[in-house]
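If you want the building blocks of each chain, they are given just below.
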Amino acid sequence: MSANSSKAAIHIAGTGSYLPERVLTNEELSKTVDTSDEWIVTRTGIRERRIAAEDEFTSHMATKAALKALEQAGLAAEDIQLIVVATVTPDTLTPATACHVQRNLGAHRAVAFDISAACSGFLYAMKVCKRMISDGAFENALIIGAEKLSSFLNWEDRTTCVLFGDGAGAAVLRRAQPGEGSIVATEIGTDGNLTRLIEMPGGGSACPITEKNAHLHLNAFTMQGKEVFKFAVTRMKEAAEKVIERAGWQADDIACVIPHQANLRIIDAIADRLAVPNERVFVNLHKYGNTSAAAVAIALDEAQRGGRFHRGDRIVLVVFGAGLTWAAAAVEW
Ligand code: ACO
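Residues numbered from 1 in each chain as written. Predicted model: local features only at pLDDT ≥ 70, side-chain atom pairs only at ≥ 80, totals over all residues. Heavy atoms only, no water.

1. As for the site of the ligand
For the ligand, the set of nearby residues contains 27 residues, the closest of which are Thr35, Arg43, Cys119, Lys226 and Asn263. Note that an oxygen atom of the ligand is positioned 2.7 Å from one of the side-chain N or O atoms of Arg43. Residue Asn263 places a side-chain N or O atom 2.6 Å away from an oxygen atom belonging to the ligand. When grouped by side-chain class, the residues that make up the shell around the ligand number 14 nonpolar, eight polar and five charged. (Near = heavy atom within 4 Å. Polar contact = N/O pair within 3.5 Å; in protein donor to acceptor, adjacent residues only side chain to side chain. Nonpolar A, V, L, I, M, F, W, Y, C, P; charged D, E, K, R; others polar.)

Put into structure tokens, the structure is as follows:
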């Protein structure tokens, strides 16, 4: 560790994403649960979502997204020193999904572990890995948001099953070379008093899976949508403002805001409160729904590959999720 390594700038060297092939449209969903395309689009902006195959797990999607990020970064799997997977839908409670990914990639030098911060997990991973690289302990890191939410939904509950989808997104972090961009500022936060607002009550030590619990769908997501909505707008605005201020930027400087993809009305409210025009806010939730930890990672990859920002541009990522948790990052590309 060099004397000034704690001041080292950390750069996003590559991104990747993967979405399962199977598309589930609102129209199709409305044949099995009491809902309609009109209700879902008006309330959320979601038109369709992707559903992983039965034998396609969170780690498989994570691996596919990671391979694309590694390719763009020009790194081989064996060069990776750290793998962190953000997920609330791990392949197994233990071992960590990151261990499965390490094996799948053949990244035998990497330390691998998971982070559980729901939809905020990818930016939690970004902050943790940025620090682990900048303090000199690691040269690089592969951070991944990956979810197979379709395995943890009550498909008879219209208040949740219409909202979510499956997918994965990844990014490679490493020390910046001169002329490369950097992660300028990060912010993470938690309010454990609000754990009840989004929960998957069963499957842990508090409520082990039994036949009765499974029958009651206790291993599926539950959510107090309206309360979550208010919280999301307030906390995302505050988190984004903090990183913008710490970076010394103004709203006009920002080329692209990449928010958590949960609800178009939440995204519009954030854009409005940050005074960033809608055309500079990236949205893909109409195609994928809410993919929790994967959502902002997939959006970052699609925005980057789609030319929504370029080298030197300033971007802001901002998320919220169960916990309740929130996070933001200001990144110079
Ligand atoms: N189809 C048709 N009707 C529905 C559906 C549906 N899919 N879901 C609910 N309704 C009904 C309700 O039963 C209710 O009917 P009622 O008035 O007769 O009681 C009515 O629609 C209104 O329901 P609300 O819950 O008040 O609808 P709201 O406008 O609040 O929208 C929504 C609900 C979309 C969930 C919204 O509150 C929201 O997006 N909240 C934020 C949730 C979120 O983003 N969570 C992300 C975090 S998840 C994580 O971290 C893993």
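Continuing now.
2. Considerations on the packing of aromatic side chains
For the structure on display, the rule yields three aromatic pairs. Taken together, a centroid distance of 5.5 Å and an interplanar angle of 25 degrees make the contact between Phe164 and Phe221 stacked. Note that Phe164 is positioned in the loop between helix H6 (158-161) and strand E7 (166-175) and Phe221 in the loop between helix H7 (211-215) and strand E10 (222-223), a separation of 57 residues in sequence. Taking the relative accessible area as the measure of exposure, Phe221 reaches 10% and is therefore buried. Between the NZ or CZ atom of Arg235 and the centre of the ring of Trp326, over which it lies, the distance is 4.2 Å. (Phe/Tyr/Trp six-rings, centres within 6.5 Å; stacked < 30°, edge-to-face > 60°. Helix = DSSP H or I, 4+ residues; strand = E, 2+ residues; numbered from the N terminus. Buried < 20%, exposed > 50% of the residue type's maximum accessible area, 1.4 Å probe, protein only. Lys NZ or Arg CZ within 6 Å of the ring centre and 35° of its normal.)

3. Remarks on unusual backbone geometry
Between Thr94 and the following residue, Pro95, the backbone shows a cis peptide bond with an omega angle of 0 degrees. Mapping Pro95 onto the fold places it in the loop between strand E4 (82-86) and helix H4 (97-105). Omega for the peptide link from Gly323 to Leu324 comes to -10 degrees, which places this bond in the cis form. Note on placement: Leu324 falls in the loop between strand E12 (314-321) and strand E13 (325-332). One non-glycine residue, Ala275, lies in positive phi territory at about 60 degrees. In this structure, Ala275 sits in the loop between helix H9 (264-274) and helix H10 (285-288). With a relative accessible area of 53%, Ala275 lands in the exposed category. Although it is not a glycine, Ser292 sits at a positive phi angle of roughly 50 degrees. With respect to the helices and strands, the residue Ser292 is situated in the loop between H10 and helix H11 (293-305).

4. Let's talk about the packing of helix H3 (residues 58-73) against H4
The description of two packed helices rests on the angle between their axes and on the distance between the axes. Close contact between H3 and H4 brings their axes to 9 Å; oriented N to C, the two are set at 55 degrees. In this view, H3 runs oblique relative to H4, as classed from their interaxial angle. In this structure, H3 crosses over H4, and the sense of that crossing is right-handed. Across the interface between the two elements, Thr58, Ser59, His60, Ala62, Thr63, Ala66, Leu67 and Leu70 of H3 pack against Thr97, His100, Val101, Asn104 and Leu105 of H4. Class assignment of the residues belonging to the contact of H3 with H4 gives a composition of six nonpolar, seven polar and no charged. (Axes fitted to C-alpha atoms, helices over the stretch in contact; angles between N-to-C directions. Parallel < 35°, antiparallel > 145°, perpendicular 65-115°, else oblique. Left-handed = near helix turned anticlockwise from the far one by under 90°. Contact = heavy atoms within 4.5 Å.)

5. A word on the nonpolar core
Within the largest apolar cluster, 50 residues are counted, with the highest numbers of intra-cluster contacts made by Ile198, Met236, Trp249, Ile266, Val316, Val318 and Phe320. Residue assignment for this core shows that the elements contributing at least two residues are helix H8 (225-247), strand E11 (254-259), H9, E12 and E13. The element contributing the most residues to this core is H8, with ten residues. Apart from residues lying up to four places away in sequence, Ile266 is in contact with Phe229, Ala232, Val233, Met236 and Phe320. With 35 residues, the next largest nonpolar core counts Cys129, Leu173, Phe282 and Val296 among its residues. (Core = buried A, V, L, I, M, F, W, Y, C linked by side-chain atoms within 4.5 Å.)

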